[in-house]
Amino acid sequence: GTGMPTSGIYRSTNYGASWSDLSRRDSVSTGGLPDSIRSVYFILTGPTDPDTVVFAGTLDNGVFRNRGGRAAWLPASSGLPTGPAARLRGMLRNPADGNVLYAGVAARGIYKSLDGGGTWTKKRVAASDTTDIQTLAQAPSSPTFLYGGTFSEAMFRSTVGAEIWDPLPSLPAGLSARAIAVHPLQPARIYSGTFNGVYQSSAAGVAQVTYGVGGGPTTVISANLDTSALADLAVSNGTDNTVTILL
């Protein structure tokens, strides 16, 4: 499936040859998403069966849950802040346990659900309760390894499923992580995308992470690219170390 801002959710079951609107029903009463909250920015499907449960994260109206298009879309945001001042910036799902969800909220921090979005609990990331999360990432090989990027240059890592967060040294002055990708086989190798370059870190521990150009554990890998409009990052699931940058 895919999310389209202001247009809802569309699903293809034939590799993209045709699409059906998963979010619209004859009326809201039959399970469709109201037009006022159809700005969907994140979609999470089941760890093994994409038709089991689908979660839709909207920009500022919280999370909704649907069982593969066969039932109504139901709110799944109890305990999760919503509204224009608390916009959803990232959603993750533990592939080993589909009931465990994570959400990053602008100016509000990181939240975790253990019951498939039924209830959400805030997890303290820093001394401030208003950590301005911009992006979330999960290590494919170690789902409890999580990374969070903030608007204020700081980055954080949790190795225990968001229960405890450790600060990573800040990015170079004036930069903030707009997107983070994690190597599929090495949970400590991260790629941090900023509006002034993409940085790769291969540090084994928090204390060893440094940011710089060449020679050290972190290098700039976008010297020939203009990343001033960077939108996202992705790392190949293979062993060819391919990094894709969406500008």
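Predicted model, so just to flag it, every value in this text is computed and none were measured. (Residues numbered from 1 in each chain as written. Predicted model: local features only at pLDDT ≥ 70, side-chain atom pairs only at ≥ 80, totals over all residues. Heavy atoms only, no water.)

(A) Focus on unusual backbone geometry. Although it is not a glycine, Tyr-15 sits at a positive phi angle of roughly 60 degrees. In this structure, Ala-107 takes a positive phi of about 65 degrees despite not being glycine. Tracing the chain through its elements places Ala-107 in the loop between β9 (101–105) and β10 (109–113). (Helix = DSSP H or I, 4+ residues; strand = E, 2+ residues; numbered from the N terminus.)

(B) Fine view of the sheet that holds strand β8 (residues 88–93). Ordered in space as β8-β9-β10-β11, the 4 strands form an open sheet in which the pairing is antiparallel. Of all strands in the sheet, those bounded by a partner on one side alone are β8 and β11 (121–123). The average undirected angle you get between the axes of adjacent strands in this sheet is 25 degrees. Here β8 pairs with β9 via 5 bridges, running antiparallel. The residue of β9 that forms the bridge with Leu-92 is Tyr-102. (Pairing = 2+ DSSP bridges. Axes fitted to C-alpha atoms, helices over the stretch in contact; angles between N-to-C directions.)

(C) Structural view of the environment of Val-63. Its location among the elements puts Val-63 in strand β6 (residues 63–66). Note on Val-63: relative accessible area 0%, which makes it buried. Along the backbone, Val-63 and Gly-117 are 54 residues apart, and their C-alpha atoms lie at a distance of 7.7 Å. Among all residues touching Val-63, those that are not within four sequence positions of it are Phe-55, Ala-56, Gly-57, Leu-74, Pro-75, Ala-76, Ser-77, Leu-80, Leu-88, Met-91 and Trp-120. (Buried < 20%, exposed > 50% of the residue type's maximum accessible area, 1.4 Å probe, protein only. Contact = heavy atoms within 4.5 Å.)

(D) Quick peek at the sheet that holds strand β5 (residues 54–58). In spatial order, the strands read β4-β5-β6-β7; together these 4 strands make up an open sheet with antiparallel pairing. With partners counted over all chains shown, the strands left at the sheet margins are β4 (40–44) and β7 (74–75), one partner each. Here 4 bridges tie β5 to β6, and the two strands are oriented antiparallel to one another. Bridging across to β6, Ala-56 finds its partner in Phe-64.

(E) Summary view of the pattern of salt bridges. Taken as a whole, this structure holds 2 salt bridges when the rule is applied. Between Lys-112 and Glu-163 there is a salt bridge; the shortest N-O distance is 3.0 Å. Of this pair, Lys-112 sits in strand β10 while Glu-163 sits in the loop between β14 (155–158) and β15 (166–168); the two residues are 51 residues apart in sequence, bridging distant segments of the chain. On the basis of relative accessible area, Lys-112 is assigned to the buried category, the value being 10%. Owing to a relative accessible area of 40%, Glu-163 belongs among the partly exposed residues under this scheme. Among the salt bridges present, the one from Lys-123 reaches Glu-163, with a minimum N-O distance of 3.1 Å. Of the two residues, Lys-123 sits in strand β11 while Glu-163 sits in the loop between β14 and β15, which places them 40 residues apart along the sequence. Its relative accessible area of 16% is what places Lys-123 among the buried residues. Among the ionic contacts, a cluster of salt bridges with common partners joins Lys-112, Lys-123 and Glu-163. (Salt bridge = Lys/Arg side-chain N within 4 Å of Asp/Glu carboxyl O.)

These results come straight from atomic positions and should not be treated as a statement about function.
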